Amino acid sequence: MTSSPRLPLLAGLPLAVGAGLAIPVQGRINGALGTRLNDGIAAAVVSFSTGLVVMILISLLLPRGRAGLAKILPAVRSRAFPRIYVLAGGIGALFVFAQSFTVGILGVALFTVATVTGQTVSGLLVDKLGIGPAGRKPVTAIRVIGCLLTIAAVAWAVSPRFAATGGTPGMSAGGGAGPDGPAALLVPLLLPVAAGFLMSFQQAMNGTATVHYGTPIAATLVNFVAGSVVLWTAYAVKVSVAGPGNPLPAEWWYYLGGPMGCVFIGLGALLVRSLGVLVTGLGMIAGQLLGSLALDVVLPAPGTIVAPATVLGTILTLAAIILATLPWPRGALRR
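Read on for an overview of the structure. What you see is a predicted model; the values in this text were computed from it and never measured.

1. Some remarks on the packing of helix H1 (residues 9-37) against helix H2 (residues 40-61)
The contact between H1 and H2 brings their axes to 8 Å, and the two run at 130 degrees. Comparing their axes, H2 and H1 come out oblique. As for the relative orientation of H1 and H2, their crossing is right-handed in sense. Together, Gln-26, Asn-30, Leu-33, Gly-34 and Leu-37 of H1 and Ala-42, Ala-43, Val-46 and Ser-47 of H2 make up the contact between the two elements. Its residues placed into classes, the contact of H1 with H2 shows 5 nonpolar, 4 polar and no charged.

2. With respect to the nonpolar core
Among the nonpolar cores identified, the biggest contains 46 residues, and Phe-81, Tyr-213, Phe-224, Leu-231 and Phe-264 are the most heavily contacted of them. Among the secondary structure elements, those contributing two or more residues to this core are H1, H2, helix H3 (63-77), helix H4 (89-106), helix H7 (183-213), helix H8 (216-242), helix H9 (257-275) and helix H10 (277-298). Not counting chain neighbours up to four residues away, the residues in contact with Leu-231 comprise Ile-41, Ala-44, Val-45, Phe-48, Ala-93 and Phe-97.

3. Concerning the environment of Leu-290
Inspection of the secondary structure assignment puts Leu-290 in helix H10. Once the C-alpha coordinates of Leu-290 and Ile-315 are considered, the two residues, 25 residues apart in sequence, prove to be 9.1 Å apart. Beyond its immediate stretch of four places on either side in the chain, Leu-290 contacts Val-17, Leu-21, Thr-314 and Leu-318.

4. Brief notes about the packing of aromatic side chains
By the definition in use, this model includes 6 aromatic pairs. Note on Phe-81 and Tyr-85: the rings are 6.0 Å apart at their centroids and 15 degrees apart in plane angle, and the pair reads as stacked. The burial state of Phe-81 is the same as that of Tyr-85; both residues are buried. On the numbers, 4.0 Å between centres and 25 degrees between planes, the contact of Trp-253 with Tyr-254 is stacked. Taken together, Phe-81, Tyr-85 and Tyr-213 form an aromatic cluster joined through their ring pairs.

5. Some points on the side chain of Thr-210
Mapping Thr-210 onto the fold places it in helix H7. Judged by relative accessible area, which is 8%, Thr-210 ranks as buried. Excluding anything up to four places from it in sequence, Thr-210 contacts Thr-215, Pro-216, Ala-219 and Ala-269.

6. A few points about the environment of Leu-52
Position of Leu-52 relative to the elements: it lies in helix H2. Separated by 210 residues in the primary sequence, Leu-52 and Cys-262 have C-alpha atoms spaced 8.5 Å apart. Ignoring anything within four residues of it in the chain, the contact list for Leu-52 reads Leu-221, Phe-224, Val-225 and Ser-228.

7. Quick word on the packing of H1 against H10
The interhelical angle for the contact between H1 and H10, taken along N-to-C directions, is 50 degrees, at an axis separation of 6 Å. With respect to each other, H1 and H10 are oriented oblique. Crossing geometry of H1 relative to H10 is assigned as right-handed. Judged by residue contacts, Leu-9, Leu-13, Ala-16, Val-17, Ala-19, Gly-20, Leu-21, Ile-23, Pro-24, Val-25 and Arg-28 of H1 engage Val-279, Thr-280, Gly-283, Met-284, Ala-286, Gly-287, Gln-288, Leu-290, Gly-291, Ser-292, Leu-295 and Asp-296 from H10.

8. Side note on the pattern of salt bridges
Counted by the stated rule, this structure contains 3 salt bridges. Residue Lys-238 is joined to Asp-39 by a salt bridge in which the shortest nitrogen-to-oxygen separation is 2.6 Å. With Lys-238 in helix H8 and Asp-39 in the loop between H1 and H2, this residue pair connects regions lying 199 residues apart in the sequence. Here Asp-127 ties to Arg-143 by a salt bridge, and the two come within 3.1 Å at their closest N and O atoms.

9. A few points about unusual backbone geometry
At Asn-38, a position not held by glycine, the phi torsion is positive, near 60 degrees. Counting through the fold element by element, Asn-38 comes out in the loop between H1 and H2. Given a relative accessible area of 63%, Asn-38 falls into the exposed group. Positioned with a positive phi, Arg-79 is a non-glycine residue whose angle comes to about 55 degrees. Of note, Arg-79 is situated in the loop between H3 and H4. According to the relative accessible area criterion, Arg-79 is exposed, its value standing at 57%.

10. Remarks on a nonpolar patch on the surface
On the surface, a cluster of nonpolar side chains totalling about 770 Å² of accessible area is made up of Trp-156, Val-297, Val-298, Leu-299, Val-306, Val-311, Leu-312, Ile-315 and Leu-316. Only H10 and helix H11 (308-325) provide two or more residues apiece to the nonpolar patch. By residue number, the principal contributor to the nonpolar patch is H11, which donates 4 residues. Turning to its location among the elements, Ile-315 is positioned in helix H11.

The rules behind the values
Residues numbered from 1 in each chain as written. Predicted model: local features only at pLDDT ≥ 70, side-chain atom pairs only at ≥ 80, totals over all residues. Heavy atoms only, no water. Axes fitted to C-alpha atoms, helices over the stretch in contact; angles between N-to-C directions. Helix = DSSP H or I, 4+ residues; strand = E, 2+ residues; numbered from the N terminus. Parallel < 35°, antiparallel > 145°, perpendicular 65-115°, else oblique. Left-handed = near helix turned anticlockwise from the far one by under 90°. Contact = heavy atoms within 4.5 Å. Nonpolar A, V, L, I, M, F, W, Y, C, P; charged D, E, K, R; others polar. Core = buried A, V, L, I, M, F, W, Y, C linked by side-chain atoms within 4.5 Å. Buried < 20%, exposed > 50% of the residue type's maximum accessible area, 1.4 Å probe, protein only. Phe/Tyr/Trp six-rings, centres within 6.5 Å; stacked < 30°, edge-to-face > 60°. Salt bridge = Lys/Arg side-chain N within 4 Å of Asp/Glu carboxyl O. Patch = residues over 30% accessible without salt bridge, like charges linked within 9 Å, V, L, I, M, F, W, Y side chains within 5 Å. Areas by Shrake-Rupley, 256 points an atom, 1.4 Å probe, with all protein chains shown as cover.

From the geometry alone we can't say anything about function, so treat these as descriptive.
Next up, the structure:
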């Protein structure tokens, strides 16, 4: 087992934010590809498959990648970590499923709040249980307050999209009244909450595997293998039932979603050992909001409006994350 040095908070947190910046870019690309193909599952298959190709090339061409590749089977055979950890990529596939099947019902805003809520709550739990390579981290009052403020700030930041898409509870994706009002959203809402909740476990599993592989390259490769198997199986079932969608586009930029996934999965696997699962997840949430805001300003989608609530909510999110991650002394809240 190769042990890499731990990064200090001031170095690791900006990297987590940087990894989060790739998430909205990937979402924009995969969303456009899904529209072009008229098939969300096919878009996810393309994204995971291109990411898998990138990770295979990296693993074969880089010396560190080849070294990690040689350690995968020995680590699994010796049970250096629970074997179920090699299936962590299936959680990424579940997230893509949730994105494909519920964004049209819930809207982007409610989907974002649901996944952030699940990820933030599970980040506290995973750190408390010590599942990740950083070990146990206490659930302090300040960390809980910081997490609650993060959820509230994200909800504020994305609130203008509710009005823009008609995505208030009880409304359908087209802006019309839903058949059962808020009750009709309950089941679709549970899927992104569950996907967000499991993301923290995915990061912990990847981080633990990275410690034994000696490099996040191997952990990222295993993720893309597992996720690709799940998605290709789902796509095969879909094609057998409904037939294929539109042909693949010729434009090269439609195929950048997978490489973007390599960035945030690999950095997440690297950072959880130093920062813990909660701090890594919060940093990525901050990067996701900053990246979304930058996209809305530089490359706005049709109908996009950058509202003051979006800017102020993003700033409040950064403040809440600082509150949750700073090494406050014991008893600071009581004082």
